[in-house]
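Spelled out from the first residue to the last, the chains are:
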Amino acid sequence: MKVIQAIAADLLPSLCAACGRSCRSGAVLCTRCSRRLAEAEPLSGSDPPGLDRAWSSAPHEGVARDLVAALKFRRLLSVAELMAERIEWLAPASLLSGAIVPVPTATLRVAQRGFDPAAEIAAALAARTGAELAPCLVRRGGGRQVGRRRAERVGHPPRIRARTEVPRSVLLVDDVLTTGATLSACARALRGAGGVRVVAVTFTRRL
């Protein structure tokens, strides 16, 4: 099977994860989409309660938004490596320290997807930086944040708890920062279990 897949990869053109056009072999993005993503400016601003700092590599629009959808809904796991590469390249050095903790997805959602998007990004970032990967949080219940109104997200944050020992210095990693309710819930769980420094990076941020 692996031989067949390798042959198919050589014969079939690579398709851009954002626009679907052909791109060079092994590339995640075509030249045009790569250029557009490079033009996107990182964002920082009001930090969600409980966090010492939050930073995002791009606004949740255009190519960056398409990449989030490609990872979450089309299961293009190679996108997670590209996201981690951009975060490592652009994030302030002061942020990229401490143990990397992925923001947990509900167990049911992981079972439905077959993977956890935030965990994929976190693992790729840990591999690139050499930081400890510490998946110490678990999300209870199966409620989705996607599609919920802002007031619902803020008023009914996800239930998150620590399932293992929590590092004192934590770098939370997620794909999108929307209202910050999920990141704040993670921060509360981490600090309640002994975390001292809690910062977060996400690939995109909704404006």
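Note: the structure precedes this text.
All values reported here derive from a predicted model rather than from experimental measurement.

Draft legend 1. Expanded view of the pairing of strand β9 (residues 197-205). In terms of burial, β9 is largely enclosed, as eight of its nine residues are buried. Two elements, strand β4 (residues 53-59) and β9, share six bridges in a ladder whose sense is parallel. Opposite R53, over in β9, you have V199 as the bridge partner. Following the backbone out of strand β8 (residues 169-177), through helix α8 (residues 181-192) and into the adjacent parallel β9, one traces a crossover that is right-handed.

Draft legend 2. The arrangement of helix α3 (residues 62-74) in detail. Across its 13 residues, α3 extends 17 Å between first and last C-alpha, which sits within 8% of the 18 Å expected from 1.5 Å per residue. Those residues of α3 not exposed but buried are V63, A64, L67, V68, A70, L71 and K72. R75 occupies a position one or two residues after α3 and carries a positive phi of about 60 degrees.

Draft legend 3. Representation of the pattern of salt bridges within the structure. Taken as a whole and assessed by the stated rule, the structure comprises four salt bridges. A salt bridge links R191 to D52; its shortest N-O distance comes to 3.1 Å. With R191 in helix α8 and D52 in the loop between β3 (43-44) and β4, this residue pair connects regions lying 139 residues apart in the sequence. Judged by relative accessible area, which is 44%, D52 ranks as partly exposed.

Draft legend 4. Examining the packing of helix α4 (residues 78-90) against helix α6 (residues 117-129) more closely. The contact between α4 and α6 brings their axes to 8 Å, and the two run at 50 degrees. As judged from the angle between their axes, α4 and α6 are oblique. Helix-helix and strand crossings are classified by hand; for α4 and α6 the assignment is right-handed. Residues A80, E81, M83, A84, E85, I87 and E88 of α4 touch α6, and the partners they reach there are E120, I121, A124, L125, R128 and T129.

Draft legend 5. Structural detail: the packing of helix α2 (residues 31-39) against α3. Interaxial distance between α2 and α3 falls to 8 Å at its minimum, and their mutual angle equals 110 degrees. In terms of orientation, α2 and α3 fall into the roughly perpendicular class. Contacts between α2 and α3 involve C33, R36 and L37 from the former and V63, A64 and L67 from the latter. Residue composition of the contact of α2 with α3, grouped by class: five nonpolar, no polar and one charged.

Draft legend 6. Just the nonpolar core, in detail. Within the largest apolar cluster, 40 residues are counted, with the highest numbers of intra-cluster contacts made by L29 and L67. Of all the secondary-structure elements, those providing two or more residues to this core are α2, β4, α3, α4, α6, β8 and β9. L29 has contacts with C16, A17, A18, C23, S34, L37, V63, L67 and L82, leaving out every residue within four places of it along the chain. A99, C136, L172 and L177 belong to the second largest nonpolar core, which has 21 residues in total.

Draft legend 7. Region of the structure containing the side chain of R139. Here R139 lies in strand β6 (residues 137-140). One buried charged residue, R139, forms no salt bridge at all, with the nearest opposite charge on D174 at 6.4 Å. For R139, the side chain forms a polar contact with the main-chain oxygen of P104, separated by 3.4 Å.

Reading the values: rules and limits
- Residues numbered from 1 in each chain as written.
- Predicted model: local features only at pLDDT ≥ 70, side-chain atom pairs only at ≥ 80, totals over all residues.
- Heavy atoms only, no water.
- Buried < 20%, exposed > 50% of the residue type's maximum accessible area, 1.4 Å probe, protein only.
- Helix = DSSP H or I, 4+ residues; strand = E, 2+ residues; numbered from the N terminus.
- Pairing = 2+ DSSP bridges.
- Right-handed = clockwise from strand over helix to strand, strands pointing away.
- Expected span 1.5 Å × (residues − 1).
- Salt bridge = Lys/Arg side-chain N within 4 Å of Asp/Glu carboxyl O.
- Axes fitted to C-alpha atoms, helices over the stretch in contact; angles between N-to-C directions.
- Parallel < 35°, antiparallel > 145°, perpendicular 65-115°, else oblique.
- Left-handed = near helix turned anticlockwise from the far one by under 90°.
- Contact = heavy atoms within 4.5 Å.
- Nonpolar A, V, L, I, M, F, W, Y, C, P; charged D, E, K, R; others polar.
- Core = buried A, V, L, I, M, F, W, Y, C linked by side-chain atoms within 4.5 Å.
- Lys, Arg positive; Asp, Glu negative; His and termini not counted.
- Polar contact = N/O pair within 3.5 Å; in protein donor to acceptor, adjacent residues only side chain to side chain.

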